[in-house]
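What follows is each chain in one-letter form.
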Amino acid sequence: MVREEEDKSSEIIEHGDIFFFYRSKIDSEEVKELEDVGRFYMVTSSKHGTKKDIHRLFLLGQKQLPEIVEGKSTSKERNWALNTLTTTNPEDIHKELMPAEYTTKTRGERRIKAATPAGEGKYSIVKHVSHTQLAYILELPEIPGPTQREFEIEKEASYIISVKNPDIQVPGFAAFSAPNKKPQYPKHLKEMFGERRWINVEDPNLLNYENTQLLLIGARKKDVEEELGIDIDEEKESQRSADLFKELKIRREQVPLKPIFEGKFSRKSEIPIPGEVKKLRNDEYPGGRGGKIGGKAAATKAASAAAIAKILSGIHFPKKKAEVVAYARKNKRKLDKPEEVLETINEIPNRTYHTIVEVEKAVGKVR
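What counts, and where the lines are drawn
The numbering scheme is per chain: residues are counted from 1 as the chain's sequence reads. Owing to the predicted nature of the model, reporting of local features is limited to residues with pLDDT of at least 70; listing and counting of side-chain atom pairs is limited to 80 or more, with chain, interface and lining totals taken over all residues. By convention in this description, side-chain values take in all heavy atoms of the structure and omit both hydrogens and water. In this description a helix means any DSSP run of H or I spanning at least four residues, a strand means any run of E spanning at least two, and both kinds are numbered starting from the N terminus. Throughout this description, buried means an accessible area under 20% of the type-specific maximum (1.4 Å probe, protein chains only), exposed means over 50%, and partly exposed covers the range between. Contact between two residues is taken to exist if any of their heavy atoms lie within 4.5 Å; hydrogens are not considered. Calculation of accessible area relied on Shrake-Rupley with a 1.4 Å probe; when residues are assessed, cover is drawn exclusively from the protein chains displayed. Note: the arc covers the axis-to-C-beta directions of the helix. Should a side-chain nitrogen of Lys or Arg be within 4 Å of a carboxyl oxygen of Asp or Glu, the pair is scored as a salt bridge. Pairing of aromatic rings covers Phe, Tyr and Trp, the last counted by its six-membered ring, and requires centre-to-centre distances within 6.5 Å; plane angles under 30 degrees mean stacked, over 60 mean edge-to-face, and any other angle means tilted. In this scheme, Lys NZ or Arg CZ marks a charge over a ring once it lies within 6 Å of the ring centre and within 35 degrees of the ring normal. The set of buried Ala, Val, Leu, Ile, Met, Phe, Trp, Tyr and Cys residues whose side-chain atoms join them within 4.5 Å is what this entry labels a nonpolar core.

A. Representation of the overall build of the protein chain in the model. What the protein chain contains, in helices and strands, is 10 helices and 16 strands. Out of the 367 residues in the protein chain, the part that is buried amounts to 53%. Excluding contacts between residues fewer than 6 apart, the proportion of contacts in the protein chain whose partners are at least 24 apart in sequence is 68%. Roughly 17,700 Å² of accessible area belongs to the protein chain as shown, and the carbon and sulfur atoms make up 48% of that amount.

Here is the structure:
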C-alpha cells in the first residue's frame, strides 16, 4: 500500500509494480555491455483496487534510464520513453518479451532473443509541488550490480515525468510526429494539453495510449520517499516470490535470471534455449510499426538525412555496403548518439552505393 504522508504538496497519482528488461542485438551472442543491447524496456503494472491491473510496455531511448548526477546537469539526465503496448492481460506483455522470428527482404530470416529481466520493484507517480515525478525502489536484485549500473537502474530513484503534446513539434521527437505514430487520445484528455508542449501526468489515463511519448528527467537517487513525502512500501522479494513470475506470467525456464537475482550479465551458456518462438508477420517485425509491436520506432528510425551526412562526411564513392558501415563506425564520434544511426545504416541493402543520396534513400526505405 502506498500512502501520502504529511507533505501535502505530494499527491499519489498511481502506484504499482515496475520491471526493467533488455534485449540483445540480433547478432549478439551474449550481452557484456550496452553496445550489445538492442532495446531497453520499462514495464509498469498499475494497481486499481478491484479493477484489473493496467500493464504498459515502454521503450526507452539511449537504452538506459536517465543519469542522475547530484548537483550537476547533463544531457544524459533527459531521456524519452514511448508506450508500445497497453493491456489488462499480462500475457500480452509476456508475448512481446519472448523470442520471435520474422523475415526481411534484405536479410532473410531473423530471430530476436527473449528480453532479459534486469530489475523489479515498486513505483509511484506523484504530483509534487508544480510537477509530477515517477519514483521507484528496486526490490530485485537486492543489491544492484554491473547489469543495473550499465542501464542506470538505481536502488531507488525519481524522475520528473511529462507527457508530450502529440500535435506540437518538439526538437528531437520528429520520429513521433507522423499521424500513425500519434496516440489516439479521447477529447477530454487531448484538451488537457491546450497549447503546451508538455504537461504533468495528473491523470494516469494519459499513459494508457500506445505511442504516448514521455520525457524523463533525472531528479533524485537517495531518500526518495522522504523527499516526496510518500511511502512506496517495497517488499523483500526472492526467486520464489518475484512479481516477475506472478504479474507478467514469465516462466523461470524462459529467460536468464542471473541479471535480476545476482546483478550480473549471463554468459552464453547460461541463456536458456527457447522452447517457443513467436512468428511475426512482415508488418510486425521490430520497428516495422508503432503500437503493439513497436520497438525501434524512435531509437533506430530517427536517422535524419543530416545525421547520415554528418557521420559519412568525407566518404568517397562508390562504396560497398560493408565499406559504408565501416566508414560510419569510424566516424561515430561526430554524433552525440551514433548508435541509432549506425544500426539503421547496418540495415540498408547489401549493394554498391555511388552517392550519399543513394545511401539516404536506402535508409529511408528501411522498415
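Okay, back to it.
B. Quick peek at helix H1 (residues 90-97). Those residues of H1 that fall on the buried side of the exposure criterion are Pro90, Ile93, His94, Glu96 and Leu97. End-on, the buried residues of H1 take up no more than an arc of 165°, which puts them together on one face.

C. Here's a closer look at the pattern of salt bridges. Going through the model one piece at a time under the given rule, you end up with 16 salt bridges. A salt bridge links Glu139 to Lys122; the nearest nitrogen and oxygen atoms lie 3.1 Å apart. You can see Glu139 sitting in strand E9 (residues 131-140) and its partner Lys122 sitting in strand E8 (residues 116-128), a full 17 residues away along the chain. Across the pair, exposure class does not vary: Glu139 and Lys122 are buried alike. Note that Lys258 and Glu270 form a salt bridge whose closest N and O atoms lie 3.5 Å from each other. Taken together, the residues span a long stretch of sequence, with Lys258 in helix H6 (residues 258-262) and Glu270 in the loop between H6 and strand E14 (278-279) at a distance of 12 residues. Residue classification places Lys258 among the partly exposed positions, given a relative accessible area of 22%. If you follow the salt bridges from partner to partner, you end up with Asp17, Lys122, Glu139, Glu235, Asp243 and Lys246 in one network.

D. Layout of the packing of aromatic side chains. For the structure shown, the criterion picks out 9 aromatic pairs. Ring geometry for Tyr136 and Tyr159: centres 6.3 Å apart, planes at 20°, overall stacked. Remark: Tyr159 occurs in strand E10 (residues 156-164) and Tyr136 occurs in strand E9; sequence separation between them is 23 residues. The same class applies to Tyr136 and to Tyr159, which are both buried. It is Arg252 that lies over the ring of Phe245; its NZ or CZ is 4.0 Å from the centre.

E. Expanded view of the nonpolar core. The biggest cluster of nonpolar side chains holds 36 residues, and the ones touching the most others in it are Phe20, Tyr136, Ile153 and Val163. Mapped onto this core, the elements with two or more residues apiece are strand E2 (10-24), strand E3 (37-46), strand E4 (54-60), E8, E9, E10 and strand E12 (213-220). Those residues within four positions of Val163 in sequence are excluded, and the remaining contacts are Tyr185, Phe193, Arg197, Trp198, Ile199, Val201, Leu206, Leu207, Thr212, Gln213 and Leu214. The next biggest cluster of nonpolar side chains, apart from the first, holds 23 residues, and it includes Leu59, Leu82, Leu257 and Ile260.

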